[in-house]
Amino acid sequence: MKALVTGAAGFVGSTLSRRLLEQGHGVLAIDNLSSYYDRPLKTRNVESYSALPGATFIEADLNTVDLDALLSDGIDVVFHLAGQPGIRGSWGQDFALYTRANVDATQRLLEASMRYGKLQRFVYASSSSVYGQAETYPTTETMLPQPFSPYGVTKLAGEHLTGLYRANYDLPTVAFRFFTVYGPAQRPDMAFTRFLRAAASGAPISIYGTGEQVRDFTFVDDVVSALTLSGQSPKALPPVMNLSGGSSVSVNEVLDTIRDVSGKNLVVDYVDAVKGDVTRTGGDSSLALTSLGWAPQTSLSEGLKRHFDWILATQ
Ligand code: NAD
Ligand code: UGA
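Read on for an overview of the structure. Owing to the predicted nature of the structure, the values given are computational and were not obtained by experimental measurement.

## Let's talk about the overall build of the protein
No. 1: When helices and strands are tallied, the protein shows 10 helices and 12 strands.
No. 2: Whereas a compact globule of 315 residues would reach a radius of gyration of roughly 20 Å, the protein reaches 19 Å, a difference of no more than 12%.
No. 3: On the principal axes, the C-alpha backbone points of the protein span a range of 55 × 45 × 40 Å.
No. 4: Of the accessible surface of the protein, which amounts to about 13100 Å², a share of 52% is contributed by carbon and sulfur atoms.
No. 5: In the protein, 26 side chains carry a positive charge and 31 a negative one; their mean positions are 2 Å apart.

Here's what the structure looks like:
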């Protein structure tokens, strides 16, 4: 397969690009190295795969680049992971960054994919944030999405766009709702990278609210496995699928596991809760199991150990 991976300098996109190349696929990797976090972290992500056979990396912005030319390079599958992530920063003036990256860029890529007409799959990185404060747990894909943050609204808009190009133009789209992904190369604004760096250095950890909020944390290699399976599956797939890690735990419970894994004492400050953060996420991934044979393989303690090893190797 020849894949176009967008957001390929980011956390999930770089991990996916490396896996595809290791499997012998061609990867056209694109990213605008947005300033949301440090550029050297992103260039290090790209360097983890750019020398592998079949890799081409292009620094370009999806909102302006000639997408028809990129796709006509024989692309079979698009993995659209580019986006403006982060729930807590999506209020106020920065919302424009979210609509540009998550809605406008997605629409532009879908239009070009529809014109191209030769894709076997268009895979979109959606988010558990589309559910908001869900009515039931584990949450299934049929639950009415009710985002609780501006970020969630933009991810749901992108997801709806993929669905309507599928319905109107037979574009073979699938949107995966990722549940809080962690592991090596996780973004510096996310909880586990912050907590594990603090564990390593002895710096204090800030917990938003009581720490009793629950997340269905999902290890990045497991997410990448589902993405590659969907790219290679010859079957029609459902338009939307949850990818949840199966380890719904509170942030306080995560701190206990970090103490075990790191062998360090943690300095913990409890600060105000942040608007947009939901009380709980928990996904039912049985649709991904029946459609792709996918189930998460990595326990929280094993995944945290691998994440901590990466922190120690890169500090
Ligand atoms: P990330 O920020 O590490 O990666 C996203 C990449 O997209 C960045 O490198 C950025 O430079 C690039 N980008 C942004 N706008 C672009 C544009 N206009 N043109 C080209 N490149 C652009 O984020 P991540 O954590 O790897 O998340 C990847 C995707 O998965 C995002 O769409 C995010 O919304 C979604 N997601 C992530 C999580 C998670 O827990 N990490 C959970 C749910 C959904
Ligand atoms: C993550 C990603 O950042 C989003 O891009 C993604 O869309 C979302 O998952 C998702 O699943 O859809 P979040 O769950 O907030 O969002 O992930 P973390 O940053 O890892 O936070 C996990 C929990 O730790 C949250 O409850 C947060 O309030 C808490 N936290 C985070 C802290 O208490 N302190 C921190 O310093 C950071």
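## Here we look at the site of ligand 1
No. 1: Surveying the vicinity of ligand 1 reveals 31 residues, the closest of which are Asp31, Tyr37, Tyr151, Lys155 and Val181.
No. 2: Interatomic distance of 2.9 Å between a backbone N/O atom of serine 34 and an oxygen atom of ligand 1.
No. 3: Within the side chain of aspartate 61, an N or O atom sits 2.9 Å from a nitrogen atom of ligand 1.
No. 4: The protein chains hide 97% of the 820 Å² of surface that ligand 1 would expose on its own.
No. 5: Those elements giving two or more residues to the shell around ligand 1 turn out to be α1 (11-22), α4 (95-116), β5 (121-127) and α5 (150-169).
No. 6: Of the residues forming the shell around ligand 1, the biggest block, three residues, is contributed by β5.

## Side note on unusual backbone geometry
No. 1: With an omega of -10 degrees, the peptide bond between tyrosine 137 and proline 138 qualifies as cis.
No. 2: Note that proline 138 resides in the loop between β5 and α5.
No. 3: The backbone of aspartate 170 sits at a positive phi, close to 60 degrees, despite the residue not being glycine.
No. 4: You can see aspartate 170 is positioned in the loop between α5 and β6 (173-178).
No. 5: Looking at aspartate 170, the relative accessible area reads 67%, which means it is exposed.
No. 6: Within the chain, alanine 185 stands out as a residue other than glycine whose phi angle is a positive 80 degrees.
No. 7: With respect to the helices and strands, the residue alanine 185 is situated in the loop between β7 (181-182) and α6 (191-201).
No. 8: A residue is classified by how much of its surface remains accessible, and alanine 185, at 14% relative accessible area, is buried.

## Details of the pattern of salt bridges
No. 1: One pass over the full model with this rule turns up 11 salt bridges.
No. 2: Here arginine 115 makes a salt bridge to aspartate 68, at a shortest N to O gap of 3.1 Å. Linking arginine 115 in helix α4 with aspartate 68 in helix α3 (residues 67-71), this pair joins segments that are 47 residues apart in sequence.
No. 3: Among the ionic contacts, a cluster of salt bridges with common partners joins Arg88, Arg215 and Asp277.

## Here we look at the nonpolar core
No. 1: Residues Val5, Phe79, Phe176, Phe178 and Leu227 are the most contacted members of the largest nonpolar core, which totals 56 residues.
No. 2: If sequence neighbours within four positions are ignored, phenylalanine 79 has contacts with Met1, Ala3, Leu4, Val5, Thr6, Leu16, Leu20, Val123, Leu227, Ser230 and Gly231.
No. 3: Within the second largest apolar cluster, 26 residues are counted, among which are Leu71, Leu119, Phe122 and Leu171.

## Section: the site of ligand 2
No. 1: Lining the immediate surroundings of ligand 2 are 23 residues, of which Ser127, Ser128, Tyr151, Arg187 and Asp277 lie closest.
No. 2: Take glycine 86: an N or O atom from its main chain is 3.5 Å from an oxygen atom of ligand 2.
No. 3: Contacts to ligand 2 include arginine 88, whose side-chain N or O atom sits 2.7 Å from an oxygen atom.
No. 4: In isolation ligand 2 exposes 690 Å². Once the protein is present, 96% of that is buried.

## Concerning the packing of α6 against helix α10 (residues 300-314)
No. 1: Axis separation between α6 and α10 bottoms out at 10 Å; the angle between their running directions is 60 degrees. Between α6 and α10, the interaxial angle falls into the category oblique. The crossing of α6 and α10 is right-handed. From α6, Phe192, Thr193, Leu196, Arg197, Ala199 and Ala200 reach across to α10, where they touch Leu300, Leu304, His307, Phe308, Trp310, Ile311, Leu312 and Thr314.
No. 2: When the residues that make up the contact of α6 with α10 are grouped by side-chain class, the tally is 10 nonpolar, three polar and one charged.

## Observations concerning α1
No. 1: The terminal C-alpha atoms of α1 lie 17 Å apart, and with 12 residues this matches the ideal 16 Å at 1.5 Å per residue to within 8%.
No. 2: Buried residues dominate α1, accounting for nine of its 12 residues.
No. 3: Considered for burial, the residues of α1 that qualify are Phe11, Val12, Gly13, Ser14, Thr15, Leu16, Ser17, Leu20 and Leu21.
No. 4: One or two steps after α1, the chain reaches glycine 24, where phi turns positive at roughly 95 degrees.

## Considering the pairing of strand β1 (residues 2-6)
No. 1: Taking burial as the measure, the five residues of β1 include four buried ones, the bulk of the element.
No. 2: As paired strands, β1 and strand β2 (residues 26-31) are joined by five bridges and run parallel to one another. Pairing of lysine 2 across the sheet is with glycine 26, part of β2.
No. 3: In this view, the connection linking β1 to its parallel neighbour β2 by way of α1 has right-handed handedness.
No. 4: Of the pairings in the sheet, the one linking β1 to strand β4 (residues 77-80) comprises four bridges and is parallel in character. Of the residues in β4, the one forming a bridge with valine 5 is phenylalanine 79.

What counts, and where the lines are drawn
Residues numbered from 1 in each chain as written. Chains lettered and ligands numbered in written order. Predicted model: local features only at pLDDT ≥ 70, side-chain atom pairs only at ≥ 80, totals over all residues. Heavy atoms only, no water. Helix = DSSP H or I, 4+ residues; strand = E, 2+ residues; numbered from the N terminus. Rg over C-alpha atoms; globule rule 2.2 N^0.38 Å. Areas by Shrake-Rupley, 256 points an atom, 1.4 Å probe, with all protein chains shown as cover. Lys, Arg positive; Asp, Glu negative; His and termini not counted. Charge placed at Lys NZ, Arg CZ, Asp CG, Glu CD. Near = heavy atom within 4 Å. Polar contact = N/O pair within 3.5 Å; in protein donor to acceptor, adjacent residues only side chain to side chain. Buried < 20%, exposed > 50% of the residue type's maximum accessible area, 1.4 Å probe, protein only. Salt bridge = Lys/Arg side-chain N within 4 Å of Asp/Glu carboxyl O. Core = buried A, V, L, I, M, F, W, Y, C linked by side-chain atoms within 4.5 Å. Contact = heavy atoms within 4.5 Å. Axes fitted to C-alpha atoms, helices over the stretch in contact; angles between N-to-C directions. Parallel < 35°, antiparallel > 145°, perpendicular 65-115°, else oblique. Left-handed = near helix turned anticlockwise from the far one by under 90°. Nonpolar A, V, L, I, M, F, W, Y, C, P; charged D, E, K, R; others polar. Expected span 1.5 Å × (residues − 1). Pairing = 2+ DSSP bridges. Right-handed = clockwise from strand over helix to strand, strands pointing away.

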